[in-house]
Amino acid sequence: MWPIPNAKFAMTNPSSVIFMSSVAGIDSSKLLPASLREDFPILEQLVHGDHPLVFLDNAASTQRPRQVIDVLRRVYEHDYANVHRGIHTLSERSTEQYEAAREKVRAFIGAEKSLEIVFTSGSTAGINLVARSWGDANIKAGDEILVTTMEHHSNLVPWQQLTERSGAILKHIPITDDGELVLDALDSLLTKRTKLVAVASVSNVLGTINPVREIARRAHAAGAVVLVDAAQSVPHVPTNVRELGADFLAFSGHKMLGPTGIGVLYGREELLDAMPAFLGGGSMINRVWPDRFTPAELPAKFEAGTPPIAPAIALGAAIDYLNLIGLEKIQQHEHELCRYAYERLLEVDGLRILGPPPDRRAGLVSFTLPEPHPHDIAQLLDEEGIAVRAGHHCAWPLHDRLGIPASTRASFYLYNTAAEVDALAECVAKIRDRFRPRGRKRAPKPA
Ligand code: 7TS
């Protein structure tokens with residue numbers, strides 16, 4: 001039997017007995033110890049009266065352990081000053097820790113050099129940087145940019161804007177009804193005119209794990225550059241940019257236990273070097289005259305102005321925390337929770353899960369019910385203390401393709417438990433029963 005995740009949860013939730021009753025379908029040897037929840041103070045609270053918070057909105061943003069919060073506090077209480085400017089003690093301390101964080105990021109994603117790591121404010125900022133700097137310099141009318149039907153708007157709109165500016169053409173790798181890429185279409189979609197393939201490594205709605213390595217291999221053979229939107233993969237699965245074949249790769253700190261306002265753009269040195277500076281201002285220059293400037297070396301060339309100093313240092317602490325637990329173990333934990341959620345949610349009559357089966361997906365489950373609307377489902381779950389996201393999840397074209405206006409999404413991270421999956425499934429079943437059209441009986445369970 002799965003151990004009670006924390007004593008408070010079981011004691012303060014009268015219905016937790018029900019939640020605990022059906023955990024036989026889970027292999028607890030594959031889960032992380034629930035005691036690590038003690039590192040996350042925010043998870044200890046009750047919401048809407050006596051409901052323990054069940055936080056299943058991690059694909060939107062995760063929570064932070066004390067170890068990360070403590071580093072933020074230490075930096076501001078002890079070490080903070082602007083970086084790469086002062087010769088004084090605090091500036092030197094700040095600069096040293098900021099650059100140490102860059103080195104941690106480099107090692108975490110297997111980049112060759114730390115000058116290939118550009119600190120941004122998040123995935124969106126990183127992708128826009130590439131679209132503006134690399135895109136404006138390299139894309140012209142008639143060129144083609146290839147994305148997929150399942151992209152988050154952050155990896156779609158910047159390319160739409162680039163095609164508007166340049167007269168280039170945007171094409172999409174289609175998906176199957178199961179939410180997987182139709183790789184066979186790649187051969188005809190990749191042409192001599194394809195200059196860029198921009199693809200999410202994991203879909204934020206379907207959980208689909210895309211075959212990025214294979215896509216990159218074929219894109220490179222066609223002479224195209226590959227950008228990976230890794231917002232939903234770097235926090236959850238071991239990543240090696242060189243093995244993946246990524247020329248650019250973007251992700252966000254707040255989705256991996258770090259603060260908001262910090263993200264990373266990895267770019268191959270050769271590409272970053274050849275790109276014009278994007279934002280202009282302090283720090284990104286080598287020399288300035290009244291009428292011109294020369295850009296700084298990498299990565300400063302792309303870090304104009306005062307960067308997110310404390311958030312970058314705290315991102316380093318988040319990486320330390322993830323490394324301590326081990327990304328393989330985190331991945332296995334999420335996979336087991338996701339597999340279990342998949343199984344439990346499918347017990348709910350009429351519930352449709354979007355995307356591929358659990359063995360081919362990352363740790364999130366989006367679903368719809370015939371009734372009520374996903375927003376109502378999310379609100380009713382919230383009343384029970386369960387935080388999920390509802391809507392189009394910034395993937396409107398994907399929802400159009402699936403023929404639905406919206407979906408409800410539960411997304412897991414290292415601190416979630418099987419009991420929380422049970423809480424979700426029990427509440428969704430209750431909601432389904434409440435909204436079942438009058439006179440309709442529950443369909444018999446399959447034998
Ligand atoms: N790419 C993907 C695949 C994402 O899931 C997100 C955020 C982004 C890019 C943008 O990241 P940001 O940190 O720059 O905002 N996804 C979500 C989500 O699914 N719900 O809220 C934000």
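Everything numeric in this text was worked out from a predicted model, so none of it was measured.

Asks: Hey, could you run me through the overall build of the protein in this one?
Replies: A count of helices and strands for the protein gives 15 helices and 17 strands. Since a compact globule built from 447 residues should have a radius of gyration of about 22 Å, the 23 Å found for the protein is in line with a globular shape. With the principal axes as the frame, the protein shows a C-alpha extent of 75 × 55 × 35 Å. The buried share of the protein, reckoned over its 447 residues, is 56%. Contacts spanning at least 24 positions in sequence make up 71% of the contacts within the protein whose residues lie at least 6 apart.

Asks: Would you take a moment to explain the sheet that holds strand 6 (residues 169-173) for this structure?
Replies: Two orientations exist for strands paired in a sheet by backbone hydrogen bonds: parallel and antiparallel. Spatially, 7 strands are ordered 4-10-9-8-7-5-6 in an open sheet, and the strand pairing comes out mixed. The sheet is open, and its two edges are formed by strand 4 (117-120) and strand 6, each paired on a single side. Looking at each pair of strands side by side, their axes are set apart by 20° on average, direction ignored. Inspection of the sheet shows strand 5 (residues 144-148) paired to strand 7 (residues 194-200) by 3 bridges, in the parallel sense. Opposite Glu-144, over in strand 7, you have Thr-194 as the bridge partner.

Asks: Explain the pattern of salt bridges here, please?
Replies: Any two side chains of opposite charge can pair, on the condition that their charged atoms come close. This model, assessed by the stated rule, comprises 31 salt bridges. Residue Arg-102 pairs with Glu-99 through a salt bridge whose shortest N-O separation is 2.8 Å. Separated by 3 residues within a single helix, Arg-102 and Glu-99 lie in helix 4 (residues 89-109), roughly one turn from each other. Each of Asp-187, Glu-214, Arg-217 and Arg-218 takes part in one network of salt bridges that share partners.

Asks: Just checking my understanding: could you explain the site of the ligand for this structure?
Replies: Taken together, 15 residues lie near the ligand, and Thr-124, Asp-229, Ser-252, Arg-389 and Arg-409 sit nearest. Asn-204 places a side-chain nitrogen or oxygen 2.8 Å from an oxygen atom of the ligand. One of the side-chain nitrogen or oxygen atoms of Arg-389 is found 2.5 Å away from a nitrogen atom of the ligand. In the shell around the ligand, the residues fall into 3 nonpolar, 8 polar and 4 charged.

Cut-offs used in this document
Every chain's residues receive numbers from 1 upward, in the order its sequence appears when written. The predicted nature of this model means local features are confined to residues of pLDDT at least 70 and side-chain atom pairs, given and counted, to a pLDDT of 80 or more, with totals for whole chains, interfaces and linings taken over all residues. The side-chain quantities take in all heavy atoms of the structure and omit both hydrogens and water. The helix count covers DSSP runs of H or I at least four residues long, the strand count covers runs of E at least two residues long, and both are numbered beginning at the N terminus. In this description the radius of gyration comes from C-alpha coordinates, and the expected globular size is given by 2.2 Å times residues to the power 0.38. The buried label applies to any residue whose accessible area, calculated with a 1.4 Å probe on protein chains only, is under 20% of its type's maximum; exposed applies above 50%, and partly exposed to all values in between. Here, two residues are considered to be in contact whenever any of their heavy atoms come within 4.5 Å of each other. Here, strands pair whenever DSSP counts at least two bridges between them. Every angle, taken between N-to-C directions, lies between 0 and 180 degrees, and every axis is a line fitted to C-alpha atoms, over only the stretch in contact when it is a helix. Within this document, salt bridges are pairs made up of a side-chain nitrogen of Lys or Arg and a carboxyl oxygen of Asp or Glu, the two lying within 4 Å of each other. Working definition: residue near molecule or strand if any one of its non-hydrogen atoms lies within 4 Å of it. Polar contacts here mean pairs of N or O atoms no more than 3.5 Å apart (in protein, one a potential hydrogen donor and the other a potential acceptor; neighbouring residues in sequence count only if both atoms are side-chain atoms). Each residue is assigned to one class: nonpolar for Ala, Val, Leu, Ile, Met, Phe, Trp, Tyr, Cys and Pro, charged for Asp, Glu, Lys and Arg, and polar for all the others, Gly among them.

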